[in-house]
Amino acid sequence: MPGSTKAQVNRFIDLLLSVDTPEHKKSFVDSLSAFEAESQKRFAKVFPALDEDQKKQLLTEASAATAKANSDGAAAEENPARLHKHFENLKGWVSGAYYSSEIGMKELGWTPDRVFASFPGCEHPEGHH
């Protein structure tokens, strides 16, 4: 995601993972591992060592693929269709972290001088503390 380095998304994800459930941690690592394995298989390099065209090719294929099911309903182990779920998982982490950052919030229209007296849909008698 453009701007994710400046927004320090990697550090935020590290912080989130440090307090998240073991299942979420494993899912995140599994997704990274899937891309590393595919990168090694296709290009004989770790993902960070790929050139921009190689990264774009791998990510474009993974993002566009849909998981196919075989006759018993299990996900097919096809490349890059099997990477699609991993792509979606990582995309969720990165976009969530980015739009939680000041840079991402500003992109969505947030300004530091804007304060809400109340939040629509969050009106309850005991108020907020």
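See the structure shown above.
Residues numbered from 1 in each chain as written. Predicted model: local features only at pLDDT ≥ 70, side-chain atom pairs only at ≥ 80, totals over all residues. Heavy atoms only, no water.

### A short note on the overall build of the protein
- Scanning the protein for helices and strands turns up 5 helices and 0 strands.
- When its helices and strands are written in sequence order, the protein yields α-α-α-α-α.
- Residues classed as buried in the protein amount to 26% of the 129 residues present.
- The contacts of the protein with a sequence gap of at least 6 include a subset with a gap of at least 24, amounting to 48%.
- When the accessible area of the protein is evaluated, it comes to approximately 9,200 Å², of which 58% is carbon and sulfur surface. (Helix = DSSP H or I, 4+ residues; strand = E, 2+ residues; numbered from the N terminus. Buried < 20%, exposed > 50% of the residue type's maximum accessible area, 1.4 Å probe, protein only. Contact = heavy atoms within 4.5 Å. Areas by Shrake-Rupley, 256 points an atom, 1.4 Å probe, with all protein chains shown as cover.)

### Things to note about the side chain of Ser-39
- Take Ser-39: it is sitting in helix 2 (residues 22-43).
- Excluding its chain neighbours within four sequence positions, the residues that come into contact with Ser-39 are Ala-44, Lys-45, Val-46, Phe-47, Leu-50 and Leu-58.

### Points about the pattern of salt bridges
- Evaluated as defined, the whole model comprises 7 salt bridges.
- Residue Lys-26 pairs with Asp-30 through a salt bridge whose shortest N-O separation is 2.8 Å. On the criterion of helical spacing, the pair formed by Lys-26 and Asp-30 is a turn pair, its members being 4 residues apart in helix 2.
- By relative accessible area, which is 52% here, Lys-26 ends up exposed.
- Looking at Asp-30, the relative accessible area reads 32%, which means it is partly exposed.
- In this structure, the salt-bridge partner of Lys-55 is Glu-52, at a minimum N-O distance of 3.9 Å. (Salt bridge = Lys/Arg side-chain N within 4 Å of Asp/Glu carboxyl O.)

The values reported here are purely geometric and, on their own, carry no functional implication.
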